[in-house]
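The chain contents come next:
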Amino acid sequence: MQFDNMEEDLRQIHEASMQILEKTGMKFHHPEVTLLLEQKGITVSGQTAFFKREQIAEWVGKAPSCFTLYARNPRYDMVVGGEHVECCPGSGSPAISGSDGSKRPATMNDYINFLKLYHQSDLYKCNGGFVVQPAELSGKYSIAMMLYATFCFSDKGIVTGTGSGEEVQALMDMLATVFGKEDLSRHARAITIVNTNTPLQFDKNMLETMLVFVKHSQPVIIAAASMAGTTAPVTLAGTIALTNAEVLAGIAVAQMLRAGTPVVYGSQSTTADMRTGSIAIGSPEGALCYEYAARLAKAYGLPCRGGGSLTDAKSLSVQAGYETMLTQLTTQRAGMNLMFQSSGIMDGYASMSYEKFIVDLEIIKMARRYLAGVAVNRDTLAVDVINEAGIAGQFLTAEHTMKHCRKEPFIPEISLRGTVTGDPTAKLLETIHSKKDKMLNTYQQPELPLEIQQQLVQYLAGKGFDKTYIESLQHM
């Protein structure tokens, strides 16, 4: 890993990160990991590891710059890295927000509905994980039940949750049931997010998740979610340097476990609201953190994850719109390879919204159209067409217009244009609900071989779940 060609601001951030890892170090709450670090020549005191910059360069340099996440349906195979920018599901919300800002606990039915919506959208090649946290799923192996639902309702690339080593091993057992043990050792079939515990710690569950995933040759996203002013310095440069130190330390450990294992540089770092101490994910500071995460990852030659369609708004509102467009446009422009939380998320990650999900799909497409720019060539300059129409002419009926009218202008699916009769807010909500209902009503469940389905049911029943309940999920 070379840093000679880094831009000056990135070089200074990198240098600050190295100083943090050398002097203060990183704490790893897992004896197997601290033992591994010692064996690899890292200075360890108790649970804290102190990395030399040469060690970080050596180990991070072993990570691949690009890899493929293979889906059950090959049409959804997803390249992670390079210039590829992919949308990924929301994650972690325990509640559902109504369009008026009302909230209720998320249910398994909501989880499955969102699986169906993500499956229906052509913007997504992956599905699953903690899309929402169903209230009726709690305790051990809940992540296994979510994975089962993902198998039932989508054949896209797989995102999973995290947990103890035992819980995550259950995910690997289920993946092996569907794909086969040999296939699992050769192909990346599932990806998860291993979060740091800012400042400068990895907790036991996250490390156990990393250990199991890497053991089975499955990729992990090493991500930090620092909050400037509370868990990180209030200045963004300091927050970004701290985030960078944490993520690089995690990536180094993953490579020590298995050199060449696919990893993603991840950051959801942003600022805290200094009036309340709450996270501010839709802020301009957050957008800057996501941008710098992408720039740093690309400078290191690593795939990157961050940003999304983020807002702190409590309801579907003008705030939800302007914050989401800011973070979405920034993230796409930065070339972020994986954009989690890319539709539906709101209220500082506290809830998911069906209405915002539909709005976010439109925002993603609008941002893509903007970033596609203007094609300038003889055909698009249309000089002959202009000369033919002449002064005071018209272009509506021109053959050139017929040729380009369906691909040059962005055609919205829910946005209102032109004359609207009645309440425009009510009309907009009507188009949003109509789009959502159409997606759910036209959803077709992908085939999961009956023998595999039965094996998964038996496996989960052996983990303490009610067999009748498991089988009922297939028909929700």
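Now for a description of the structure that goes with this document. (Residues numbered from 1 in each chain as written. Predicted model: local features only at pLDDT ≥ 70, side-chain atom pairs only at ≥ 80, totals over all residues. Heavy atoms only, no water.)

**Let's talk about the overall build of the protein**
Okay, so step 1: Helix and strand counts for the protein come out as 18 helices and 21 strands.
Okay, so step 2: In terms of C-alpha radius of gyration, the protein reaches 24 Å, essentially the compact-globule figure of 23 Å for 476 residues.
Okay, so step 3: With respect to the three principal axes, the spread of C-alpha positions in the protein is 80 × 60 × 45 Å.
Okay, so step 4: Here the protein holds 476 residues, and the buried ones make up 54% of them.
Okay, so step 5: Of the roughly 20500 Å² of accessible surface on the protein, 52% is carried by carbon and sulfur atoms.
Okay, so step 6: One finds the centroid of the 42 positive side-chain charges in the protein at a distance of 2 Å from the centroid of its 48 negative side-chain charges. (Helix = DSSP H or I, 4+ residues; strand = E, 2+ residues; numbered from the N terminus. Rg over C-alpha atoms; globule rule 2.2 N^0.38 Å. Buried < 20%, exposed > 50% of the residue type's maximum accessible area, 1.4 Å probe, protein only. Areas by Shrake-Rupley, 256 points an atom, 1.4 Å probe, with all protein chains shown as cover. Lys, Arg positive; Asp, Glu negative; His and termini not counted. Charge placed at Lys NZ, Arg CZ, Asp CG, Glu CD.)

**Remarks on the packing of helix H5 (residues 142–153) against helix H17 (residues 450–462)**
Okay, so step 1: Two elements in contact, H5 and H17, have axes whose closest approach is 11 Å; the angle formed by their N-to-C orientations is 165 degrees. Put simply, H5 runs roughly antiparallel to H17. Where H5 crosses over H17, the handedness of that crossing is left-handed. When H5 is examined against H17, the residues Ala-144, Met-145, Tyr-148 and Phe-151 are found in contact with a partner set consisting of Gln-453, Leu-456, Val-457 and Leu-460.
Okay, so step 2: When its residues are assigned to classes, the contact of H5 with H17 shows 7 nonpolar, 1 polar and no charged. (Axes fitted to C-alpha atoms, helices over the stretch in contact; angles between N-to-C directions. Parallel < 35°, antiparallel > 145°, perpendicular 65-115°, else oblique. Left-handed = near helix turned anticlockwise from the far one by under 90°. Contact = heavy atoms within 4.5 Å. Nonpolar A, V, L, I, M, F, W, Y, C, P; charged D, E, K, R; others polar.)

**Side note on a nonpolar patch on the surface**
Okay, so step 1: Together, Val-374, Val-376, Leu-381 and Val-383 give the surface a local cluster of nonpolar side chains, amounting to about 410 Å² of exposed area.
Okay, so step 2: Here Val-383 is to be found in helix H14 (residues 383–389).
Okay, so step 3: For Val-383, a relative accessible area of 47% translates into the label partly exposed. (Patch = residues over 30% accessible without salt bridge, like charges linked within 9 Å, V, L, I, M, F, W, Y side chains within 5 Å. Salt bridge = Lys/Arg side-chain N within 4 Å of Asp/Glu carboxyl O.)

**Details of the packing of aromatic side chains**
Okay, so step 1: Under the definition given, this model contains 8 aromatic pairs.
Okay, so step 2: Between Phe-114 and Tyr-354, the ring centres sit 4.5 Å apart and the planes meet at 5 degrees, which makes this aromatic pair stacked. Remark: Tyr-354 occurs in helix H12 (residues 354–372) and Phe-114 occurs in helix H4 (residues 108–120); sequence separation between them is 240 residues. Here the two residues Phe-114 and Tyr-354 agree in accessibility, since each one is buried.
Okay, so step 3: By the ring-pair criterion, three or more aromatic residues cluster together here, those being Phe-114, Tyr-118, Tyr-124, Tyr-354 and Phe-357.
Okay, so step 4: For Lys-62, the ring lying beneath its charged end belongs to Trp-59, and the centroid distance is 5.3 Å.
Okay, so step 5: Looking at Lys-436, its charged tip hangs above the ring of Tyr-354, at a distance of 5.1 Å from the centre. (Phe/Tyr/Trp six-rings, centres within 6.5 Å; stacked < 30°, edge-to-face > 60°. Lys NZ or Arg CZ within 6 Å of the ring centre and 35° of its normal.)

**Quick look at the environment of Pro-94**
Okay, so step 1: Position of Pro-94 among the secondary structure elements: in the loop between strand S6 (86–87) and strand S7 (95–97).
Okay, so step 2: A relative accessible area of 43% places Pro-94 in the partly exposed class.
Okay, so step 3: Residues Pro-94 and Pro-219, spaced 125 residues apart in sequence, show a C-alpha to C-alpha distance of 26 Å.

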